[in-house]
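# Chain and residue survey
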Amino acid sequence: MSKAFTKETDHEDDDDDVMPSMPTGVKNYITPQGYARLRSELMQLIDDERPRMVETVHWAASNGDRSENGDYLYGKKRLREIDRRIRFLTKRLEKAEVADPSVHYGGDQVFFGATVTYANEAGDEKTITILGVDEVDNLQGQVSWIAPISRALLRSRVGDVVQLQTPGGVEEIEVIEVNYPQPQ
């Protein structure tokens, strides 16, 4: 089939990245460790993975008929995915505002980077760490600083009771403990 009848662009599905989008006008806070991880991923893509994939596509293209060449087709698709991820990471790192939570070490007020233990009205305790949008892992008890639970807890202190708006209505939660990483 002629290329004239196939859809192949470099900007296909630009917004389909797995990371959440940032609300307009909101800073992209991130810890130094999260920034380093994203930068490391970007450098690995630029320095290792992309050149290796370009080499593979070049080799596959030299084999002749590209329309039925699986290595070529897969390589071009993977190259577009890598380029999309590079663009995404570059934009996020440009907008990132690095905030070191260890400056609050020993404090009892909740700020970005805090690990907070809180109890709901039933007395069930839960511990979360408030991090940047690009570095959270829900399975590790990490939540974004723009999440409703984080918004409710920010600026509160140990012993404070705050109101959390949930789909089931307003729930009161009490801040039990606040911890920050030690300065390095």
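This part is about the overall build of the chain. When helices and strands are tallied, the chain shows three helices and seven strands. Here the chain holds 184 residues, and the buried ones make up 34% of them. Long-range contacts, defined here as pairs at least 24 residues apart, represent 59% of the contacts in the chain between residues at least 6 apart. A total of about 11600 Å² of accessible surface is found on the chain, and carbon and sulfur atoms cover 49% of it.

Nonpolar side chains in soluble globular proteins tend to be buried together. The biggest cluster of nonpolar side chains holds 20 residues, and the ones touching the most others in it are Val110, Val116, Ile128, Ile130, Ile149, Leu153 and Ile173. Residue assignment for this core shows that the elements contributing at least two residues are strand 3 (115-119), strand 4 (125-131), helix 3 (148-153), strand 6 (161-166) and strand 7 (169-179). Not counting chain neighbours up to four residues away, the residues in contact with Ile130 comprise Val110, Phe112, Gly113, Ala114, Val116, Val143, Trp145, Ser150 and Leu154.

Quick look at the packing of helix 1 (residues 32-61) against helix 2 (residues 70-95) now. Across the interface, helix 1 lies against helix 2 with an axial gap of 9 Å and an inter-helix angle of 155°. Taken as axis vectors, helix 1 and helix 2 run roughly antiparallel relative to one another. Judged by the twist between their axes, the crossing of helix 1 over helix 2 is left-handed. Across the contact of helix 1 with helix 2, the residue classes tally to 18 nonpolar, two polar and nine charged.

The rules behind these values
- Residues numbered from 1 in each chain as written.
- Predicted model: local features only at pLDDT ≥ 70, side-chain atom pairs only at ≥ 80, totals over all residues.
- Heavy atoms only, no water.
- Helix = DSSP H or I, 4+ residues; strand = E, 2+ residues; numbered from the N terminus.
- Buried < 20%, exposed > 50% of the residue type's maximum accessible area, 1.4 Å probe, protein only.
- Contact = heavy atoms within 4.5 Å.
- Areas by Shrake-Rupley, 256 points an atom, 1.4 Å probe, with all protein chains shown as cover.
- Core = buried A, V, L, I, M, F, W, Y, C linked by side-chain atoms within 4.5 Å.
- Axes fitted to C-alpha atoms, helices over the stretch in contact; angles between N-to-C directions.
- Parallel < 35°, antiparallel > 145°, perpendicular 65-115°, else oblique.
- Left-handed = near helix turned anticlockwise from the far one by under 90°.
- Nonpolar A, V, L, I, M, F, W, Y, C, P; charged D, E, K, R; others polar.

So, to be careful, I would describe these as geometric facts and stop short of saying anything about function.
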